Amino acid sequence: MKRESLQESIVSLLLPLALIIGFVLLLSLNGGQGSGEAPASTPLEDWLKLIVGYLAVGTEIAVAFVIGVAVVRGIFTYIRQLFMRRRHIDFTEVIRLQLGRSLALGLEFAVASDILRTAVAPTRKDIVNLGAIVLLRTLLNYFLEREIKQGEQSRSDQTTLQK
């Protein structure tokens, strides 16, 4: 049991560190490049870029919708809990966990949008930019998921102690 927890703690330290180092390296690679302009494109590529651009915008609208609904729902839940006679002790923790899950989903949609934007005839600069953005969002999502998991575990521990 101790060996597993030691391995888990080492992984939880090394993984974010590796992601941060990778992010810094990608940014340094991107800084040294020129304009990175693509050669002339064909009419088919232009149409594909247009269609994929609309899909990417639709995905970004989905990101805004998911996060916006989660924020509004969290605010209403918080206000409702403030005025209830029987309050839950950890209602702010419940709201944080719900908001965290929605933010994680929003980050996944945002990564999908970035991938869509570089799907048609990407340049080297586009790919490096995508790598940096995906790495940063993955790092954010990792910490968010870790916090959600810890919050859910502490919440389940509290409910078992109350029983």
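About the criteria used
- Residues numbered from 1 in each chain as written.
- Predicted model: local features only at pLDDT ≥ 70, side-chain atom pairs only at ≥ 80, totals over all residues.
- Heavy atoms only, no water.
- Helix = DSSP H or I, 4+ residues; strand = E, 2+ residues; numbered from the N terminus.
- Buried < 20%, exposed > 50% of the residue type's maximum accessible area, 1.4 Å probe, protein only.
- Contact = heavy atoms within 4.5 Å.
- Expected span 1.5 Å × (residues − 1).
- Salt bridge = Lys/Arg side-chain N within 4 Å of Asp/Glu carboxyl O.
- Patch = residues over 30% accessible without salt bridge, like charges linked within 9 Å, V, L, I, M, F, W, Y side chains within 5 Å.
- Areas by Shrake-Rupley, 256 points an atom, 1.4 Å probe, with all protein chains shown as cover.
- pLDDT = per-residue confidence, 0-100.
- Axes fitted to C-alpha atoms, helices over the stretch in contact; angles between N-to-C directions.
- Parallel < 35°, antiparallel > 145°, perpendicular 65-115°, else oblique.
- Nonpolar A, V, L, I, M, F, W, Y, C, P; charged D, E, K, R; others polar.

Overview of the overall build of the protein chain
- What the protein chain contains, in helices and strands, is 4 helices and 0 strands.
- Going residue by residue from the N terminus, the α and β elements of the protein chain occur as α-α-α-α.
- By residue count, 23% of the 163 residues in the protein chain fall in the buried class.
- Of the contacts made within the protein chain by residues no fewer than 6 positions apart, 85% connect residues no fewer than 24 positions apart.

Some words on helix H2 (residues 43-83)
- Between its first and last C-alpha atoms H2 spans 60 Å; for 41 residues at 1.5 Å apiece the expected length is 60 Å, and the two agree.
- Those residues of H2 not exposed but buried are Val 52, Ala 56, Thr 59, Val 63, Val 66, Ala 70, Gly 74, Thr 77 and Gln 81.
- Of the surrounding elements, those touching the buried residues of H2 are helix H3 (91-117).

Description of the side chain of Ser 102
- As for its placement among the helices and strands, Ser 102 is situated in helix H3.
- The exposure class assigned to Ser 102 is buried, which follows from its relative accessible area of 15%.
- Dropping the residues within four chain positions of it, Ser 102 is found in contact with Val 66, Ile 67 and Ala 70.

Examining the pattern of salt bridges
- By the definition in use, this model includes 5 salt bridges.
- A salt bridge links Arg 96 to Glu 147; the nearest nitrogen and oxygen atoms lie 2.2 Å apart. Here Arg 96 is found in helix H3, whereas its partner Glu 147 is found in helix H4 (residues 124-162), with 51 residues between them in sequence.
- Look at Arg 96 and you get partly exposed, because its relative accessible area is 44%.
- Since its relative accessible area comes to 42%, Glu 147 is described here as partly exposed.
- Arg 101 is paired through a salt bridge with Glu 152; the nearest N and O atoms lie 2.3 Å apart. Of this pair, Arg 101 sits in helix H3 while Glu 152 sits in helix H4, and the two are 51 residues apart along the sequence.
- Shared partners join several salt bridges into a network, and the residues in it are Glu 93, Arg 96 and Glu 147.

Remarks on the side chain of Asn 141
- Note that Asn 141 resides in helix H4.
- According to the relative accessible area criterion, Asn 141 is buried, its value standing at 10%.

As for a nonpolar patch on the surface
- On the surface, a nonpolar cluster with roughly 560 Å² of combined accessible area is contributed by Leu 6, Ile 10, Leu 14, Leu 17, Ile 21 and Leu 25.
- When you line up the elements, Leu 25 lands in helix H1 (residues 2-31).

A few points about the confidence of the model for the protein chain
- Across the protein chain, the average pLDDT comes to 80, with 85% of residues at or above 70.
- No element of the protein chain has a lower mean pLDDT than H1, at 70, and none a higher one than H2, at 91.

Things to note about the packing of H2 against H3
- Where H2 contacts H3, the two axes come as close as 8 Å, and the packing angle between them is 175 degrees. Regarding the angle of H2 to H3, the classification is roughly antiparallel.
- For the contact of H2 with H3, the class distribution of residues is 20 nonpolar, 10 polar and 3 charged.

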